[in-house]
Amino acid sequence: MEKARVDLPPKGGFSFDLCRRNEMLTKKGLQLPGFRKTGTTIVGLIFEDGVILGADTRATEGPIVADKNCEKIHYMAPNIYCCGAGTAADTEAVTDMVSSQLQLHRYATRRESRVITALTLLKSHLFSYQGHVSAALVLGGVDITGPHLHTVYPHGSTDTLPFATMGSGSLAAMAVFESKYKEGLTREDGIQLVGEAICSGIFNDLGSGSNVDVCVITKGKTDYLRNHQLPNPRTYISSRGYSFDRGHTEVLSTKITPLKLKAEVVENDAMEE
Amino acid sequence: MDPDLSAPHSMGTTIIGVTYDGGVVLGADSRTSTGMYVANRASDKITQLTDNVYVCRSGSAADSQILSDYVRYFLNQHTIQLGQPATVKVAANLVRLFSYQNKNMLQTGLIIGGWDKYEGGQIYSVPLGGTVLKQPFTIGGSGSSYLYGFFDQAWKDGMSKDEAEKLVVKAVSLAIARDGASGGVVRTVTINAEGVTRNFYSGNSLPLWHEELEPRNSMLDILLSGASPEPMSI
């Protein structure tokens, strides 16, 4: 039996088939759902012993805050972390993917992962999607060759810098870094400066807010300081908070329906289909 | 006006390649812009392809980085298979092949410069579209528009290494003065029979041109130092 045509293997990558249909629908007046973006201020700097990364914790869906305390500093390897700005799904997916690839690479080479490896994997993936994977990342880590800090842009270009900021709050954070950064900062000064830069983004950028996350990476040790600063506490009118005892809300009627078991599990033969 | 931070990273750029008696000098500014925001004010646009061949990148940052990574990889293979350093001509040709064959998808202009024992110092220009041209000197990037007249007047054959370097630095600094998309520091790479030398000229070491003012201390520095601030002179 011969086939008239050889079936091609399924091609990888994004399938643009539905884009025409989406265009037609928008012309008809349908509002496309917005992407959940991390408005974001993310920063990184190199200090005397390694790298410090910082991020705010607000995730927005258009004008609404979807998550008040999300995690934007993603794990890549025990000695490499990555802050992500842009579409939340894209940053999560791409950092998870590269993190898995790095783990497999560690098994194969039996060595600690290098930051440049993570960088090359991220850059080639993002370039092949030509900017459609909207992930802007600050990648930092310490490996056998020393501390490294890189920024990765959605189109696949990278920069290597001693201090970097990304996201909608990057201008506010960069202003802080440009005026106060110096080489060879101590750990305390570095964490302080990162906190200041993120707070600058939190208070001056609408897309960033809530808390400050910090991650300090040094040779052999990483400290993930989740919610290192909480500059936006929720204030209550009463210092005791609110209590909701029975009797606060008037009950108009009560109806109780017990849930009866409807399905029966067939034993024995169930798995032998 | 809000800077468009989702615009693709591009290197506005001024890049220059010049041959002299015995080698080549490559020069570039250091500004990478994302829309109207300067994403990196100290980028290095002169990338190594082999020990003796370097490339100046302009246009889309992503496209030029990926292209030079590919060319470096293939040149490395070629060097191993050949058993001796790759020639500048081969490097330029490889760049041209990638640039031409992917012309619909790439937006990058490159200047390849290097030294080999067969033909000495050579400069090849590979602009958008993928043409390859061997030239005694060439300029590229958005800032190059302001340098055509300057080079017509200032270029001469058979310069010494120092003359060539001074020419390159002066040219990049003139372009930085007039082109908004170029700025930062001037980086040069000199390649000759002895090897490769990288030089760095910081922004404030460059000469001031027409209507450029001396840098003034900020009011904050003046006030904090305790002296009473001088009134501005007209």
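Residue positions are counted from 1 within each chain, in the order its sequence is given. Key to labels: chains lettered from A, ligands numbered from 1, both in the order written. Totals for whole chains, interfaces and linings use all residues, but because this is a predicted model, local features are given only for residues with pLDDT of at least 70 and pairs of side-chain atoms are given and counted only at 80 or more. Note that water and hydrogens are dropped before the side-chain values are worked out from all heavy atoms of the structure.

For chain B, the name recorded in an unreviewed UniProt entry is Proteasome subunit beta, with Platanthera zijinensis as its organism. UniProt positions are given in the numbering used here, feature names are shortened, and annotations may be inferred rather than shown by experiment. One UniProt comment on chain B, placed under Catalytic activity (unreviewed entry), says "Cleavage of peptide bonds with very broad specificity."

Within an unreviewed UniProt entry, the label attached to chain A reads Proteasome subunit beta, and the organism entered is Platanthera zijinensis. The UniProt entry for chain A carries this comment under Catalytic activity (unreviewed entry): "Cleavage of peptide bonds with very broad specificity."

**Here we look at the nonpolar core**
All names here are of chain A. Leu 45, Ile 52, Leu 53, Phe 177 and Val 194 are the most contacted members of the largest nonpolar core, which totals 42 residues. For this core, the element with the most residues is helix H5 (residues 187-204), which contributes seven residues. By definition in these notes, contact holds between two residues if any of their heavy atoms fall within 4.5 Å. Other than its neighbours up to four places away in sequence, Phe 177 contacts Val 43, Gly 44, Leu 45, Phe 163, Ala 164, Thr 165, Leu 193, Val 194 and Ala 197. Among buried residues, those of type Ala, Val, Leu, Ile, Met, Phe, Trp, Tyr and Cys that are joined through side-chain atoms within 4.5 Å constitute a nonpolar core. Residue exposure (1.4 Å probe, protein chains only): buried if accessible area is under 20% of the type maximum, exposed if over 50%, otherwise partly exposed. Each helix is a run of DSSP H or I of at least 4 residues and each strand a run of E of at least 2, with the numbering of both proceeding from the N terminus.

**Details of the pattern of salt bridges**
Here, a salt bridge means any side-chain nitrogen of Lys or Arg that lies within 4 Å of a carboxyl oxygen of Asp or Glu. Scanning all chains against the criterion turns up 13 salt bridges over all chains. Linking Arg41(B) and Glu178(A) is a salt bridge whose minimum nitrogen-to-oxygen distance equals 2.5 Å. A residue pair is termed interchain when its members come from two chains, as with Arg41(B) in the loop between strand S5 (37-40) and strand S6 (46-50) and Glu178(A) in helix H4 (residues 170-180). The class of Glu178(A) is partly exposed, set by a relative accessible area of 37%.

**Quick notes on unusual backbone geometry**
Note: most peptide bonds trans; most residues except glycine with negative phi. Residues and elements named next belong to chain A. The phi dihedral of Arg 110 is positive, around 55°, even though this residue is not glycine. As for its placement among the helices and strands, Arg 110 is situated in the loop between helix H2 (88-109) and helix H3 (115-128). With a phi close to 65°, Ser 210 is a non-glycine residue in the positive phi region. As for its placement among the helices and strands, Ser 210 is situated in the loop between H5 and strand S12 (212-218).

**Thoughts on the environment of Thr95(A)**
Residue and element names in this part refer to chain A. Here Thr 95 shows up in helix H2. For the pair Thr 95 and Leu 122, spaced 27 residues apart in the sequence, the C-alpha separation amounts to 8.0 Å. Setting aside residues up to four positions removed in sequence, Thr 95 forms contacts with His 74, Met 76, Cys 82 and Leu 137.

**Topic: H3(A)**
Residue and element names in this part refer to chain A. Between its first and last C-alpha atoms H3 spans 20 Å; for 14 residues at 1.5 Å apiece the expected length is 20 Å, and the two agree. Those residues of H3 that fall on the buried side of the exposure criterion are Val 115, Ala 118, Leu 119, Leu 122, Lys 123, His 125, Leu 126 and Phe 127. Backbone geometry just downstream of H3 places Gln 130 in the positive-phi region, at approximately 50°. Here the expected length of a helix is defined as 1.5 Å per residue gap, with one fewer gap than residues.

**Some words on the environment of Val115(A)**
Residues and elements named next belong to chain A. When you line up the elements, Val 115 lands in helix H3. Of the residues examined, Val 115 reaches a relative accessible area of 0% and is grouped as buried. Put simply, Val 115 and Leu 185 are 70 residues apart on the chain and 21 Å apart in space, counted from C-alpha to C-alpha. What Val 115 contacts, discounting residues up to four positions off in sequence, is Ile 80, Leu 139, Gly 141, Val 142, Asp 143, His 148 and His 150.

**Section: empty space enclosed by the protein**
Of the two site types, the cavity is a set of points on a 1 Å grid over the protein atoms alone where a 1.4 Å probe fits but cannot get out, and the pocket is an open set with protein on both sides within 12 Å along at least five of seven lines, each lined by residues with an atom within 4 Å of a point. Grid points are joined across faces, edges and corners, and a volume is the space filled by probe spheres set on the points. In total, this model carries one cavity of 30 Å³ or more according to the counting rule given. Computed from the structure, the largest cavity encloses a volume of approximately 40 Å³. The wall of the largest cavity is formed by Thr151(A), Tyr153(A), Leu161(A), Ala164(A), Thr165(A), Met174(A), Tyr37(B) and Ala39(B). Where the lining of the largest cavity is concerned, the elements lending two or more residues are strand S11 (163-166) of chain A together with S5 of chain B. In the lining of the largest cavity, the residues fall into six nonpolar, two polar and no charged. In the scheme used here, Gly and all other residues not listed as nonpolar or charged are polar, with Ala, Val, Leu, Ile, Met, Phe, Trp, Tyr, Cys and Pro taken as nonpolar and Asp, Glu, Lys and Arg as charged.

**Things to note about the interface of chain A and chain B**
Counting from both sides, the interface comprises 18 residues of chain A and, opposite them, 17 residues of chain B. Where chain A packs against chain B, one counts two salt bridges. Notably, a salt bridge pairs Asp69(B) with Lys123(A), separated by 3.5 Å at the nearest N-O pair. Contributions of two or more residues to the side of chain A that touches chain B are made by H3, strand S10 (158-160), S11 and H4 of chain A.

**With respect to the sheet that holds strand S2 (residues 42-47) of chain A**
All names here are of chain A. In space, the five strands of this open sheet follow the order S11-S2-S3-S12-S13, with antiparallel pairing throughout. Edge positions in the open sheet fall to S11 and strand S13 (221-229), since each of these has one partner strand only. Within this sheet the neighbouring strands show an average axis-to-axis angle of 15°, counted without direction. Set on the sheet, H4 makes contact with S2 and S11; between it and S11 the angle comes to about 160°. Two strands qualify as a pair provided DSSP detects at least 2 bridges between them. Helix axes are fitted to C-alpha atoms over the stretch in contact, other axes to C-alpha atoms as well, and angles between N-to-C directions run from 0 to 180 degrees.

**Section: the packing of H2(A) against H3(A)**
Residues and elements named next belong to chain A. Interaxial distance between H2 and H3 falls to 10 Å at its minimum, and their mutual angle equals 135°. With respect to H3, the axis of H2 lies oblique. Crossing angle aside, the handedness with which H2 passes H3 is right-handed. Residues Val 94, Met 97, Val 98, Gln 101, Leu 102 and His 105 of H2 pack against Thr 117, Ala 118, Leu 121, Leu 122, His 125 and Leu 126 of H3. Within the contact of H2 with H3, the residues separate by chemical class into eight nonpolar, four polar and no charged. Comment on the angle field: the value is read as roughly parallel under 35 degrees, roughly antiparallel over 145, roughly perpendicular from 65 to 115, and oblique elsewhere. Each crossing is labelled by how the near helix is turned from the far one, with a counterclockwise turn of less than a right angle marking it left-handed and a clockwise turn marking it right-handed.

**Quick word on the sheet that holds strand S12 (residues 186-192) of chain B**
All names here are of chain B. Sheet architecture is open: five strands sit in the order S11-S2-S3-S12-S13, paired in antiparallel fashion. Sheet topology places strand S11 (137-140) and strand S13 (195-201) at the edges, where each strand pairs with a single neighbour. Averaged over all pairs of adjacent strands, the angle between strand axes in this sheet comes to 15°, irrespective of strand direction. Sheet topology places strand S2 (residues 15-20) next to strand S3 (residues 23-28); six bridges connect them, and they run antiparallel. From the neighbouring strand, Ile 16 faces S3, where its bridge partner is Gly 27. Across the sheet, helix H4 (residues 161-178) lies against S2, S3, S12 and S13, angled at about 155° from S12, the strand it touches most.

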